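Below are the chains, spelled out letter by letter.
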Amino acid sequence: MATKTATKSAPKKKAAAKTPTDPTFETVKIERDKGITFLIMNRPEKRNAMSPQLHMDMNDAIDYLAIDPATEVLVITGAGKAFSAGQDIKLYFRGTANDPALRQKARSASNAWRWQKLSRFPKPTIAMINGFCFGGAFTQVCACDFAIAANTATFGLSEVNWGILPGGIVSWNVGQVMNYRNAIYYATTGEPFDGKRAMEIGMVNKAVPAGKLKAEVVKLARLMQQKSPAAVRYTKEAVRSVRFMNEPEAADYLNAKSDALKHNDKEDGREEGMRQFLDEKSYRPGLGHFKRKKK
Ligand code: COA
């Protein structure tokens, strides 16, 4: 059916056609921008409060994207004026109170995607905090490698305001990104704070004007796309894992991890990086990254 002329021009267009047809979800949507995948919690009318369905959808979506070659960087964000208002108090708490099976399913999905799967995601992850971010939503922010917020975003460990504690693993998460004083202060007062304050206390890397949020996230994602994917993956795994080791364990693990990276890096970035610096003299590793062959 296609004419010969059309067939001739096909190779150039093939690269763009690689973008897969994504599955659709009830409470989550996927948007793409040249290797950056935006995974969006999509219940804007409920401020993206996390219902059991949303947890199951996020679980499935993250499994799908982890092995999706078109996803080079993953961005987690929320639709509308919220990032996420935390666990859905009606559907997650009250709605499962008399249904132990659903409670167990929801809790397990909730813990799996927000921490285990996201913190171990094989590609760089960025939390883009566009608005309200409460309670249980702190976990996915902490699980991401990077977090960038709008100055005007509102964060809060609001659990105490309605008589519970920051459960799941929120108390553990905030103890890692914030210092102890701030973790206790915000967890026990429930006092909301904005994006700028979130940056001061280590909850996010950066806070920017709301109108520049997406551009700032894309800029960081594009930078990460230029780096060796294997080196980035092994680096984030290494930094995450050594936190819980003593010095001899860390040294041993890092030796083994370095050998594994050398062995498993399909692009052989280490050799290429050395070649471009020492032989070609085309870049300075202290000031920037080598040029990837496949980019
Ligand atoms: N659980 C269940 N429903 C929620 C929710 C949550 N965590 N957060 C918001 N919603 C629902 C509201 O009940 C409301 O539903 P309705 O339209 O059917 O009445 C809808 O989302 C919009 O919320 P509303 O409060 O009207 O919006 P707002 O913009 O004025 O305020 C918040 C937004 C996030 C400040 C406010 O909704 C809030 O405090 N939510 C609870 C946050 C929280 O403590 N989360 C921690 C849970 S562990």
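Here is what the cut-offs are and how they apply
Residues numbered from 1 in each chain as written. Predicted model: local features only at pLDDT ≥ 70, side-chain atom pairs only at ≥ 80, totals over all residues. Heavy atoms only, no water. Core = buried A, V, L, I, M, F, W, Y, C linked by side-chain atoms within 4.5 Å. Buried < 20%, exposed > 50% of the residue type's maximum accessible area, 1.4 Å probe, protein only. Contact = heavy atoms within 4.5 Å. Helix = DSSP H or I, 4+ residues; strand = E, 2+ residues; numbered from the N terminus. Polar contact = N/O pair within 3.5 Å; in protein donor to acceptor, adjacent residues only side chain to side chain. Expected span 1.5 Å × (residues − 1). Near = heavy atom within 4 Å. Areas by Shrake-Rupley, 256 points an atom, 1.4 Å probe, with all protein chains shown as cover.

Peer 1: Give a detailed account of the nonpolar core, specifying residues and quantitative values.
Peer 2: One broad trend across soluble globular proteins is that nonpolar side chains are buried collectively. One finds Leu39, Ile76, Ile129, Phe138, Phe155 and Met203 to be the most contacted residues of the largest nonpolar core, which totals 43 residues. Among all residues touching Phe138, those that are not within four sequence positions of it are Cys133, Phe155, Gly156, Leu157, Val170, Val174, Met178, Phe193 and Met203.

Peer 1: Help me get a handle on the side chain of Asn59, residues and values and all.
Peer 2: With respect to the helices and strands, Asn59 occurs in helix α3 (residues 52–66). With relative accessibility at 10%, the residue Asn59 sits in the buried group. One polar contact links the side chain of Asn59 to the main-chain amide nitrogen of Trp113, over a distance of 3.5 Å. In this structure, Asn59 is in contact with Ala109, Ala112, Trp113 and Lys117, ignoring residues within four places of it in sequence.

Peer 1: Give a detailed account of α3, specifying residues and quantitative values.
Peer 2: Spanning 15 residues, α3 covers 21 Å between terminal C-alpha atoms, matching the ideal 21 Å at 1.5 Å per step. Taken residue by residue, α3 has Pro52, Leu54, His55, Met56, Asp57, Met58, Asn59, Ala61, Ile62 and Leu65 as its buried positions.

Peer 1: Outline the site of the ligand, supporting the account with residue identities and numerical values.
Peer 2: Surveying the vicinity of the ligand reveals 13 residues, the closest of which are Lys46, Arg47, Ala85, Ile89 and Ser158. The contact in question runs from an oxygen atom of the ligand to an N or O atom on the side chain of Lys46, over 2.4 Å. Here a nitrogen atom of the ligand and a backbone polar atom of Ala85 are 2.7 Å apart. Here the ligand, which alone exposes 860 Å², has 60% of that area covered by the protein.

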